[in-house]
Amino acid sequence: MSTHTITLIPGDGIGPEITACMQRVIAAAGVDIDWKVVNAGAGVMEEHGTPLPQQVLDSIAQTGIAIKGPVTTPVGSGFRSINVALRKHFDLYTNLRPTWSIKGTGARYSDVDIVIFRENTEDLYAGIEAELDSPEAAELIAWAQDRGLGSIRPDSAISLKPISVTCSKRIVRAAFDYAVANGRRKVTAVHKANIMKHSDGLFLRCAQEVAAEYPGIEFEAMIVDATCMNLVTNPANFDVLVLPNLYGDIVSDLCAGLVGGLGMAPGANIGANAAIFEAVHGSAPDIAGMGIANPTAEILSGCMLLDHIGEHDAARRIRAAIESVYAAGEVLTGDIKKILTGSAQGAAGSTAFTDAVIAAL
Ligand code: NAI
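Treat the numbers as computed from the prediction; the structure is a model and nothing was measured. (Residues numbered from 1 in each chain as written. Predicted model: local features only at pLDDT ≥ 70, side-chain atom pairs only at ≥ 80, totals over all residues. Heavy atoms only, no water.)

### A look at the overall build of the protein chain
Helices and strands together make up the secondary structure of the protein chain, namely 13 helices and twelve strands. Here the protein chain has a C-alpha radius of gyration of 21 Å; the compact-globule value for 361 residues is 21 Å, and the two agree. Overall size of the protein chain, expressed as C-alpha extent along the three principal axes, is 70 × 50 × 45 Å. Summarising the internal contacts of the protein chain: among those between residues at least 6 apart in sequence, 74% fall at separations of at least 24. Here the protein chain contributes 27 positive and 40 negative side-chain charges, whose respective centroids are spaced 5 Å apart. (Helix = DSSP H or I, 4+ residues; strand = E, 2+ residues; numbered from the N terminus. Rg over C-alpha atoms; globule rule 2.2 N^0.38 Å. Contact = heavy atoms within 4.5 Å. Lys, Arg positive; Asp, Glu negative; His and termini not counted. Charge placed at Lys NZ, Arg CZ, Asp CG, Glu CD.)

As structure tokens, this is what we get:
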């Protein structure tokens, strides 16, 4: 059995509890991992003076693969978000979020199986903004007027939306490569090119060009508002979705809502040289330390990590074990029990749920 070296960032809030559950399940599935534990988040501010110490960046640079618990973003630290900082530092341009219905979770739909590729580095999330009444805003307003591009009200704040050929093509290629490698049938590119002819128009054109390189995979383009409507009415029509950053953020939460909420949603941020896996939900300070958090999303993020390092059999067995625990419906954490019965009374804690998953392996 070979040993993999992986960086582990337990995070804070419920992070340490759910990452411990994930580690136990992976060990029980027989995968040997040498965990390099470093931490980020509010809990390390005092010791390191920053929520993202250099040793975290060094460890990920060394191992190339990390799994995170959620971290609380300290308010007013000058740090927008540790997650955004990590994505930028390692150019993790793919945000990969698979969403599928698990029986017994109270999911709205039983036939959802959608994989989302969200561009992670540009679009309105580039952070290039001009504040109300700032000289930068005044300059941009004057520039747009002078060039005949349009008039902007003087009492405006402005956010720029850069969309590049480089970033559009690499995210669409990632979606098609995934579709080929995983036997998926269709990729849908989501846009609003009818209104934003240059930025979204470029994303759409890049998607069409890349799609032509993959004749074996069906391609369709869909306007974002129509996509939302169709996802809610007929999610089984969708397979792999590829979206620019903002639409990807919104539509992936919509998809999580179709199948039982954020507590079930795993995710990954992947670049050319590093990958960071993490549950989609946050640090849940309201239930931290109580031993009642649902570790499913973090364990499923661990399965994505296992697939990434070639441990497909262990990943498949863990997913099957989770599905069988939900199908049996006897050992459920409070969040799911509440969805199913209206009350969390008699719910299992994180450890009992993890024990049940391990027993089902
Ligand atoms: P949240 O996702 O932490 O919590 C929202 C609600 O869902 C809470 O009631 C919480 O108890 C519940 N919840 C979340 N995960 C759960 C789980 N595994 N089991 C059972 N219940 C769960 O979102 P919130 O409260 O907006 O954010 C809290 C902190 O987390 C903030 O500082 C935020 O910046 C941070 N955050 C971190 C993320 C990350 O590190 N990836 C992602 C999102 C938020």
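### A word on the site of the ligand
Near the ligand you find 19 residues, and of these Val71, Gly282, Ala284, Asp286 and Asn294 are the closest. With respect to the ligand, the side chain of Asn83 contributes an N or O atom lying 3.1 Å from an oxygen atom. Contact between the ligand and Asp286: an oxygen atom at 2.8 Å from a side-chain N or O atom of the residue. Alone, the ligand offers 820 Å² of accessible surface; in the complex the protein occludes 64% of this. Here the shell around the ligand is built from residues that sort into eight nonpolar, seven polar and four charged. (Near = heavy atom within 4 Å. Polar contact = N/O pair within 3.5 Å; in protein donor to acceptor, adjacent residues only side chain to side chain. Areas by Shrake-Rupley, 256 points an atom, 1.4 Å probe, with all protein chains shown as cover. Nonpolar A, V, L, I, M, F, W, Y, C, P; charged D, E, K, R; others polar.)

### Structural notes on the pattern of salt bridges
Evaluation of the coordinates by the stated rule reveals 19 salt bridges. Salt-bridge contacts for Lys68 lead to Glu278; the nearest nitrogen and oxygen are separated by 2.5 Å. Remark: Glu278 occurs in strand β12 (residues 275-279) and Lys68 occurs in strand β3 (residues 65-68); sequence separation between them is 210 residues. For Glu278, a relative accessible area of 10% gives the class buried. Salt bridges here are not isolated pairs; linked through shared partners, they connect Asp113, Arg184, Arg185 and Asp239. (Salt bridge = Lys/Arg side-chain N within 4 Å of Asp/Glu carboxyl O. Buried < 20%, exposed > 50% of the residue type's maximum accessible area, 1.4 Å probe, protein only.)

### Quick look at the nonpolar core
Judged by nonpolar contacts, the single largest core of 57 residues is most densely connected at Phe117, Val242, Leu306 and Ile318. The contact partners of Ile318, leaving out residues within four places of it in the chain, are Val25, Ile26, Ala29, Ile299, Cys303, Leu306 and Leu361. (Core = buried A, V, L, I, M, F, W, Y, C linked by side-chain atoms within 4.5 Å.)

### Comments concerning the environment of Gly271
The topology assignment puts Gly271 in the loop between β11 (266-270) and β12. Here Gly271 is in contact with Asp91, Leu92 and Tyr93, once residues within four sequence places are set aside.

### Here's the deal with the sheet that holds strand β8 (residues 186-191)
Within the open sheet, the ten strands sit side by side as β2-β1-β3-β12-β11-β4-β5-β10-β8-β9. Their pairing is mixed. Edge positions in the sheet fall to β2 (32-37) and β9 (218-223), since each has one partner strand and no second. Taken pair by pair, the neighbouring strands of this sheet meet at an average axis angle of 25 degrees, ignoring direction. Where strand β1 (residues 3-9) lies against β2, six bridges are found, and the strand directions are parallel. The partner of Thr7 across the bridge, within β2, is Lys36. The strands that helix α4 (residues 82-89) touches are β3, β5 (113-119), β11 and β12; relative to β12, the one it contacts most, it runs at about 160 degrees. Contacting β4 (94-100), β5, β8 and β10 (240-243), helix α9 (residues 245-258) runs over the sheet at an angle of about 155 degrees to β5. (Pairing = 2+ DSSP bridges. Axes fitted to C-alpha atoms, helices over the stretch in contact; angles between N-to-C directions.)

### A word on the side chain of Asn83
Tracing the backbone shows Asn83 in helix α4. By relative accessible area, Asn83 is classed as buried at 19%. Excluding residues within four positions of it along the chain, Asn83 makes contact with Lys68, Val71 and Glu278.

### Overview of unusual backbone geometry
Note: most peptide bonds trans; most residues except glycine with negative phi. At Asp91, a residue that is not glycine, the phi angle is positive and equals roughly 50 degrees. Mapped onto the elements of the fold, Asp91 is located in the loop between α4 and β4.

### Quick word on the packing of aromatic side chains
The final tally for this structure, using the stated rule, is four aromatic pairs. Ring centres 4.9 Å apart and planes at 20 degrees place the aromatic pair Phe176 and Tyr214 in the stacked group. Here Tyr214 lies in the loop between α7 (199-211) and β9 and Phe176 lies in helix α6 (residues 165-181), a separation of 38 residues in the sequence. Assigned by exposure class, Phe176 and Tyr214 land together as buried. Between Tyr326 and Phe353, the ring centres sit 5.5 Å apart and the planes meet at 50 degrees, which makes this aromatic pair tilted. Here Tyr326, found in helix α11 (residues 312-328), pairs with Phe353, found in helix α13 (residues 350-359); they are 27 residues apart in sequence, far enough to count as distant. When sorted by exposure, Tyr326 lands in the same class as Phe353, which is buried. Directly above the aromatic system of Tyr125 lies the positively charged group of Arg118, at a separation of 5.3 Å from the ring centroid. (Phe/Tyr/Trp six-rings, centres within 6.5 Å; stacked < 30°, edge-to-face > 60°. Lys NZ or Arg CZ within 6 Å of the ring centre and 35° of its normal.)

### Some remarks on the packing of α11 against α13
Packing of α11 against α13 leaves a shortest axis separation of 8 Å and a crossing angle of 115 degrees. Crossing handedness for the pair α11 and α13: right-handed. From α11, Ala321, Ile322, Val325 and Tyr326 reach across to α13, where they touch Phe353, Ala356 and Val357. Across the contact of α11 with α13, the residue classes tally to seven nonpolar, no polar and no charged. (Left-handed = near helix turned anticlockwise from the far one by under 90°.)

### What to know about the pairing of β8
Buried residues dominate β8, accounting for six of its six residues. In this structure, β8 lies alongside β9, joined through six bridges in parallel fashion. Following the sheet pairing, Lys186 is matched in β9 by Glu218. Regarding the hand of the β-α-β motif, the stretch spanning β8, α7 and β9 is right-handed. (Right-handed = clockwise from strand over helix to strand, strands pointing away.)

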